[in-house]
Amino acid sequence: MPKGIKNEYDPKVVDYVKEHYLGVTSNELVEMIKRDLGIEETISRIRLLRRKFKLKCGVDCTFHKGDAPRY
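Keep in mind that this is a model prediction, so the values were computed, not measured.

> Which parts of the structure should I look at to understand the environment of Asn-27?
By secondary structure assignment, the location of Asn-27 is in helix H2 (residues 26-37). Residues Asn-27 and Tyr-9, spaced 18 residues apart in sequence, show a C-alpha to C-alpha distance of 17 Å. Beyond its immediate stretch of four places on either side in the chain, Asn-27 contacts Ile-43 and Arg-47.

Set out below in structure tokens:
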């Protein structure tokens, strides 16, 4: 994309993300948007949208003491 072109989001996607962001990762949001709205979005665009509107998902993805790695 050339420099200076504004990358705008579909208002339906913005409203959907604002309603469903809690407890859901960006990967899951992309699948939900595709299933419910029929709109193709990328993970990076959803991450940028969440960052723009300061929407934290609340999912804890860190390792804690005693956790075993998955193989």
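We are not done yet, so read on.
> I'm lost on unusual backbone geometry in this one. Help?
It is generally the case that most residues other than glycine have a negative phi and that most peptide bonds are trans. In this model, Lys-54 sits at a positive phi of 55 degrees, which is unusual for a non-glycine residue. Its place among the elements puts Lys-54 in the segment after helix H3 (43-52). For Lys-54, a relative accessible area of 72% gives the class exposed.

> Is there a simple way to explain the packing of aromatic side chains in this structure?
The geometry of two aromatic rings is summed up by the distance between their centres and the angle between their planes. Under the definition given, this model contains zero aromatic pairs. When the ring centre of Phe-53 is taken as reference, the NZ or CZ atom of Lys-18 above it lies at 4.3 Å.

> Can you walk me through the side chain of Glu-41 in this structure?
In this fold, Glu-41 is placed in the loop between H2 and H3. Among the polar contacts made by the side chain of Glu-41, one reaches the side chain of Arg-45 at a distance of 2.7 Å. Aside from chain neighbours lying at most four places away, what touches Glu-41 is Val-13, Val-30, Ile-33 and Ile-46.

> Explanation requested: the pattern of salt bridges in the structure shown.
Where charged atoms of side chains with opposite charge meet at close range, the side chains can pair. In the structure shown here, the tally under the stated rule is three salt bridges. In this structure, Lys-34 and Glu-40 form a salt bridge, with 3.8 Å as the shortest nitrogen-oxygen distance. Overall, the relative accessible area of 43% leaves Lys-34 in the partly exposed class. In this structure Glu-40 comes out as exposed when scored by relative accessible area, which is 61%.

> Would you mind showing me how to read helix H1 (residues 11-20) here?
Each α-helix turn comprises 3.6 residues. Residues three or four places apart therefore point the same way. Along H1, the residues that are buried comprise Val-13, Val-14, Tyr-16 and Val-17. Here the buried residues of H1 occupy an arc of 165 degrees about the axis, which is enough to place them on one side. With respect to the buried face of H1, the exposed residues turned more than 90 degrees away are Pro-11, Lys-12 and Glu-19.

Parameters and conventions
- Residues numbered from 1 in each chain as written.
- Predicted model: local features only at pLDDT ≥ 70, side-chain atom pairs only at ≥ 80, totals over all residues.
- Heavy atoms only, no water.
- Helix = DSSP H or I, 4+ residues; strand = E, 2+ residues; numbered from the N terminus.
- Contact = heavy atoms within 4.5 Å.
- Buried < 20%, exposed > 50% of the residue type's maximum accessible area, 1.4 Å probe, protein only.
- Phe/Tyr/Trp six-rings, centres within 6.5 Å; stacked < 30°, edge-to-face > 60°.
- Lys NZ or Arg CZ within 6 Å of the ring centre and 35° of its normal.
- Polar contact = N/O pair within 3.5 Å; in protein donor to acceptor, adjacent residues only side chain to side chain.
- Salt bridge = Lys/Arg side-chain N within 4 Å of Asp/Glu carboxyl O.
- Arc of directions from axis to C-beta.

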